[in-house]
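Structural features, examined
Residues per chain, in single letters:
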Amino acid sequence: MSQYSNSSTPQASNAATKPYQKSRQKPPHYERSDEMRVVVTGLGTVTPLGLDVESTWTRLLNGESGITPITHFDTTDYRTQIAGTIKDFDAKQYMSAKEARRYDEFIHYGVAASSMALHDAGFIEAVSADDAPVQNVDEERFGVILGSGIGGIQTIENSRDLLRDKGVKKVTPFIIPGTIANMAAGLVAIKHNLKGPNLATATACTTATHAIGLAARLIVYGDADVMVAGGSEKGSSPLGVAGFGAMQALSTRNEEPAKASRPFDKDRDGFVLGDGAGMIVLESLAHAKARGATILAELVGFGMSDDASHITAPPKDGNGAARAMQNALNDAGIDSSRVGYVNAHGTSTPSGDVAESRAIETVFASVKDSILVSSTKSMTGHLMGAAGGIEAIFTVLALQHQHVPPTINLDNVADDCNLDYVPNQSRKVDNLNYAISNSFAFGGTNASLVFARWS
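Quick caveat, the model's predicted, so the values are computed rather than measured.

1. Observations concerning the overall build of the protein chain
A count of helices and strands for the protein chain gives 12 helices and 14 strands. Against the globule reference of 23 Å for 455 residues, the protein chain gives a C-alpha radius of gyration of 21 Å, in line with a compact fold. In the protein chain, which comprises 455 residues, the proportion classed as buried is 59%. Considering only intrachain contacts with a sequence separation of at least 6, the fraction spanning at least 24 residues in the protein chain is 78%. As presented, the protein chain carries roughly 17700 Å² of accessible surface, and 48% of it is formed by carbon and sulfur atoms.

2. Things to note about the packing of helix 1 (residues 53-61) against helix 12 (residues 387-401)
Running from amino to carboxyl end, helix 1 crosses helix 12 at an angle of 75 degrees, the nearest separation of the two axes being 12 Å. Here helix 12 runs roughly perpendicular to helix 1, going by the angle between their axes. Taking contact as the criterion, the partners of Val53, Thr56, Trp57 and Leu60 in helix 1 are, on helix 12, Phe394, Leu397, Ala398 and His401. When its residues are assigned to classes, the contact of helix 1 with helix 12 shows 6 nonpolar, 2 polar and no charged.

3. Looking at the pairing of strand 4 (residues 142-147)
Across the 6 residues that make up strand 4, a large majority, 6, are buried. Note: strand 4 against strand 6 (residues 226-233), 6 bridges, orientation parallel. Among the inter-strand pairings, Leu146 is bridged to a residue of strand 6, identified as Gly230. Note that strand 4 and strand 5 (residues 198-199) share 2 bridges and pair parallel. Bridge pairing in strand 5 links Ile145 to Leu199.

What counts, and where the lines are drawn
- Residues numbered from 1 in each chain as written.
- Predicted model: local features only at pLDDT ≥ 70, side-chain atom pairs only at ≥ 80, totals over all residues.
- Heavy atoms only, no water.
- Helix = DSSP H or I, 4+ residues; strand = E, 2+ residues; numbered from the N terminus.
- Rg over C-alpha atoms; globule rule 2.2 N^0.38 Å.
- Buried < 20%, exposed > 50% of the residue type's maximum accessible area, 1.4 Å probe, protein only.
- Contact = heavy atoms within 4.5 Å.
- Areas by Shrake-Rupley, 256 points an atom, 1.4 Å probe, with all protein chains shown as cover.
- Axes fitted to C-alpha atoms, helices over the stretch in contact; angles between N-to-C directions.
- Parallel < 35°, antiparallel > 145°, perpendicular 65-115°, else oblique.
- Nonpolar A, V, L, I, M, F, W, Y, C, P; charged D, E, K, R; others polar.
- Pairing = 2+ DSSP bridges.

Here it is in structure tokens:
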């Protein structure tokens, strides 16, 4: 039971003053059969901090920033000239040269992160450009949910310029399949012979969190034994940066890129765009046990909600975010007091950080003085459709290593932000058994995941 009212219910109803109640009853995770328990067995990332999980995690714990000046187009006339871009990435390590030319970079990142996750889980022998069918598994019970908030915006922009400047005959027949949001999921399935459920979420900055939660539901409902899920994004295109800049949503701290993303800080002035991908392998506990998999964590809860308030701004009290977190806790069958860490959505926007902080204070009222909260976007920037993927991975790693990443650039905590945000230095912890990863997005859509330490 939560500690806030369901304010979306009409005032004429008696339900308006009652605490939130979950609408359907289900047993807590520890009473579910092994076929209905979902565990994490593989991780894969491409981020502004590194091209794999290990380098990204090391730099994250060290409090390093991946935000740098944009160099892949001329930003002279732009309000914002910085982003968390991907450095030294070679798509030909993960697909053929022909495929690399045909497909947008968000697809490159998604295919790469998926291959890494599948290799980490032991389903393929190596990460390479060649097709690598999964081994020792029923491919018809193995699926993909790989989403993108925007899709191939960079390639669309380039193709529009080509059409204008060179004419219709110069437009490639791959402009559509090379940019549509579901093609990353499709290529992952083709490359690895995954014949189970295949779809793409597109819920802006909640995309990857929805993908992971829905993938878990497919396993629980018996539609698949294994899923690879997450998100991928390359939004730092001229139009992407210009569009968010026109909204005055982006930081303009161009002279200090490493200090630009500063969630919960008094001097925050907007978010910083980030590119990359985060993918995780989920499978039923029964399936993981049967093949002797190394289990990294258990996904025990998934919750969703909508603010139904504004296209971009959250309600000041964060009630939508609070409902998503409470729904996830209800799904997990645990009390909020058992959660020790929240990987916050924490974008570094004036309104969003306060709303999320209030939501966390509401849901975790009994432990608000001890719960740890950090925004890893302070180091990676905001990967939009991929954000929930990499942040779910960071949450799993925090549980696995008992080490919480920091919120960097937090020099002066903002008014109305009253939690422990793990400022500037990572923190070793004891007995961190449950953690939440949050994602909230334009349109008011919210999602939260609850992970449990595996032992």
